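Chain and residue survey
The residues making up each chain are set out below.
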Amino acid sequence: MSRFWSATVRALQPYVPGEQPKLPNLVKLNTNENPYGPSPRALEAMRGEIGDSLRLYPDPESTRLREAIAALHGDIAPAQVFVGNGSDEVLAHAFLALLKHEQPILFPDITYSFYPVYCKLYGIDFRAVPLDDSFALRVADYAQPNGGIIFPNPNAPTGRALPLADIEALLKANPDSVVVVDEAYIDFGGESAVALVNHHPNLLVVHTFSKSRSLAGLRVGFAVGHVDLIDALNRVKNSFNSYPLDRLAIAGATAAIEDREWFERTRQAVIRTRGTLTRDLESLGFEVLPSAANFVFARHPRHDAAQTAQALRQRGIIVRHFKLPRIEQFLRITVGTDEQCALLASALREIVGA
Ligand SMILES: *Cc1c(COP(=O)(O)O)cnc(C)c1O
């Protein structure tokens, strides 16, 4: 705290990202990064962008990238696509542009912990709606006056997916609110709500390149929705930073979208390993929530989660533990390579088997 801080800054409660340790050789299963590298075509495109052109500003509209994203989704026009510097930035703009109204917004009590941070930043009132006892989102619980609704699908950190029919019911029950579906993990399971965008002008779907496209370090995310929603995001963007994506990001992300084969191969590998990891954890006595994401959320009936995380750390493996009500006995474990997950399983065998 300093006397130079504004009242706004004094009141902030910033998000705390998962640890990015400096130690080499750790098995890093704590921030849901993809264990496989980015598309080689994306890397090549970025290398090709390094040169004299970096003297010039990038395309403020990222037109090439938005066209590639639109083409990927079929009946979506480039004008229905917004891109930003990571989906966190896209989400931030959505909070200010579309979720700041008289009524409080709604999101699950257990969800991406950045949502309440944005609410605080922008002065948005919110109400946390409890997930049910099996950590599933019940659409009926959202039948209450609201200024908007946001949730990840699959949810984080639970990994549970909500069926598309439930999302459609939510949209129909809330025609006067914007519903933001944060699909950071959708490529690892679940059905994308992008298919509903042309039928529901109140739906905004947000995606990231950080997880399924293995480009967390590049910081690219996007939103798909009705042009009126996209216009709102553009108004915020052009009042904040008109060049959010640099030349490397535009080139790399566009090539990553176009490399469908790499995308398919790596996401299927993650999905396969998730199955093995789930079975290994269950055989050690863990309860594992059904996951449609690139992580699993698991608890052991007889072993404290914080202690288990600590014991794993001593063995050079890091996973995520949230010291939060209802989930403090869970560990969130990112699906790594088969080798990394086998190391995790054998470390856990020592820890919980003892
Ligand atoms: C990882 C994640 C994001 C942020 O993605 P970036 O594009 O890296 O900013 C957004 N929402 C959820 C639920 C996430 O897990």
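Residues numbered from 1 in each chain as written. Predicted model: local features only at pLDDT ≥ 70, side-chain atom pairs only at ≥ 80, totals over all residues. Heavy atoms only, no water.

Once that is clear, we can look at the sheet that holds strand E9 (residues 287–288). The strand order E9-E10-E12 describes an open sheet built from three strands, whose pairing is antiparallel. The open sheet is flanked by E9 and strand E12 (330–334), the only strands paired with a single partner. Note: strand E10 (residues 295–299) against E12, five bridges, orientation antiparallel. Within the sheet, the bridge partner assigned to Phe-297 lies in E12 and is Arg-332. (Pairing = 2+ DSSP bridges. Helix = DSSP H or I, 4+ residues; strand = E, 2+ residues; numbered from the N terminus.)

In this section: the domain arrangement of the protein chain. For the protein chain, the assigned domains read domain 1 (19–37 + 261–353) and domain 2 (40–258). Here the C-alpha centre of domain 2 lies 26 Å away from the C-alpha centre of domain 1. Counting residues at the interface gives 27 residues for domain 1, matched by 26 residues for domain 2. Both sides of the domain 1 and domain 2 interface together cover about 2,100 Å² of buried area, and 62% of this is carbon and sulfur. A per-residue breakdown of the area domain 1 buries against domain 2 is headed by Phe-263, Ala-292 and Arg-326, which together make up 31% of the total. Counting the contacts that link domain 1 with domain 2 gives one salt bridge. Of the charged contacts in the structure, one is a salt bridge between Arg-326 and Asp-109, with a shortest N-O distance of 2.8 Å. Applying the counting rule to domain 1 against domain 2 returns ten residue pairs in polar contact (both at pLDDT 80 or more). Only helix H9 (260–283), E10 and E12 provide two or more residues apiece to the side of domain 1 that touches domain 2. (Domains from an automatic or database assignment. Contact = heavy atoms within 4.5 Å. Buried area = accessible area lost by both parts, 1.4 Å probe. Salt bridge = Lys/Arg side-chain N within 4 Å of Asp/Glu carboxyl O. Polar contact = N/O pair within 3.5 Å; in protein donor to acceptor, adjacent residues only side chain to side chain.)

This part is about a nonpolar patch on the surface. A surface patch of nonpolar side chains, amounting to about 500 Å² of accessible area, comprises Met-1, Phe-4, Trp-5 and Val-9. Its location among the elements puts Trp-5 in the segment before helix H1 (7–11). (Patch = residues over 30% accessible without salt bridge, like charges linked within 9 Å, V, L, I, M, F, W, Y side chains within 5 Å. Areas by Shrake-Rupley, 256 points an atom, 1.4 Å probe, with all protein chains shown as cover.)

To continue, consider the packing of H9 against helix H11 (residues 338–353). Where H9 meets H11, the axes come as close as 10 Å, and the angle between the chain directions of the two elements is 5°. Overall, the two elements H9 and H11 adopt an arrangement that is roughly parallel. Across from Thr-273, Leu-277, Asp-280 and Leu-281 in H9, the residues of H11 making contact are Asp-338, Cys-341, Leu-344, Ala-345 and Leu-348. Residues belonging to the contact of H9 with H11 are distributed by class as follows: six nonpolar, one polar and two charged. (Axes fitted to C-alpha atoms, helices over the stretch in contact; angles between N-to-C directions. Parallel < 35°, antiparallel > 145°, perpendicular 65-115°, else oblique. Nonpolar A, V, L, I, M, F, W, Y, C, P; charged D, E, K, R; others polar.)

Here we come to the environment of Glu-33. On the secondary structure map, Glu-33 appears in the loop between strand E1 (27–29) and helix H2 (40–49). Sequence separation of Glu-33 and Thr-278 is 245 residues, and the distance between their C-alpha atoms is 18 Å. At 3.2 Å, the side chain of Glu-33 forms a polar contact with the side chain of Gln-20. Of the polar contacts made by the side chain of Glu-33, one reaches the side chain of Thr-31; its length is 2.8 Å.

Turning next to helix H6 (residues 164–173). Residues of H6 that are buried include every one of Leu-164, Ile-167, Leu-170 and Leu-171, and no others. With its buried residues spanning 115° around the axis, H6 presents them on a single face. Opposite its buried face, H6 presents the exposed residues Ala-165, Lys-172 and Ala-173, each directed more than 90 degrees away. Of the surrounding elements, those touching the buried residues of H6 are strand E5 (149–152), strand E6 (179–182) and strand E7 (203–208). (Buried < 20%, exposed > 50% of the residue type's maximum accessible area, 1.4 Å probe, protein only. Arc of directions from axis to C-beta.)

Around the ligand, a shell composed of 13 residues is seen, among which Ser-87, Tyr-185, Thr-208, Ser-210 and Lys-211 lie nearest. Between the ligand and the protein, one listed contact pairs a nitrogen atom with a side-chain N or O atom of Asp-182 at 2.7 Å. Within the contact set of the ligand, an oxygen atom lies 2.5 Å away from a side-chain nitrogen or oxygen of Tyr-185. Surface burial for the ligand is 92%, taken as the share of its 380 Å² of free accessible area covered by protein chains. No other element matches helix H4 (residues 87–98), which puts three residues into the shell around the ligand. When grouped by side-chain class, the residues that make up the shell around the ligand number five nonpolar, four polar and four charged. (Near = heavy atom within 4 Å.)

Scanning the model with the defined rule gives nine salt bridges in all. With its nearest N and O atoms 2.9 Å apart, the salt bridge here joins Arg-267 to Glu-264. Residue Arg-267 and its partner Glu-264 are both found in helix H9; the two are separated by three residues, about one turn of the helix. With a relative accessible area of 32%, Glu-264 lands in the partly exposed category. Note that Arg-315 is salt-bridged to Glu-350, the shortest N-O span being 3.0 Å. Of this pair, Arg-315 sits in the loop between helix H10 (305–314) and strand E11 (317–319) while Glu-350 sits in helix H11, and the two are 35 residues apart along the sequence. The partly exposed category is assigned to Arg-315, whose relative accessible area is 38%.

Moving on: the packing of aromatic side chains. For the structure shown, the criterion picks out 14 aromatic pairs. Judged by centre distance (4.3 Å) and plane angle (5°), the rings of Phe-114 and Tyr-118 are stacked. Here Tyr-118 and Phe-114 lie together in helix H5 (residues 114–122), a separation of four residues that amounts to about one turn. Residue classification places Tyr-118 among the buried residues on the basis of a relative accessible area of 4%. For the ring pair Phe-297 and Phe-330, a centre distance of 4.5 Å and an interplane angle of 10° mean the geometry is stacked. Residue Phe-297 is found in strand E10, and its partner Phe-330 is found in strand E12; the two are separated by 33 residues along the sequence. With respect to class, Phe-297 is no different from Phe-330; both count as buried. Among the aromatic residues, those joined into a cluster by ring pairs are Tyr-15, Phe-95, Phe-107, Tyr-112, Phe-114, Tyr-115, Tyr-118 and Phe-126. Its end group placed over the ring of Phe-263, Arg-213 keeps NZ or CZ at 4.0 Å from the ring centre. Stacked on the ring of Phe-295, the Lys or Arg Arg-332 has its end atom at 5.7 Å from the ring centre. (Phe/Tyr/Trp six-rings, centres within 6.5 Å; stacked < 30°, edge-to-face > 60°. Lys NZ or Arg CZ within 6 Å of the ring centre and 35° of its normal.)

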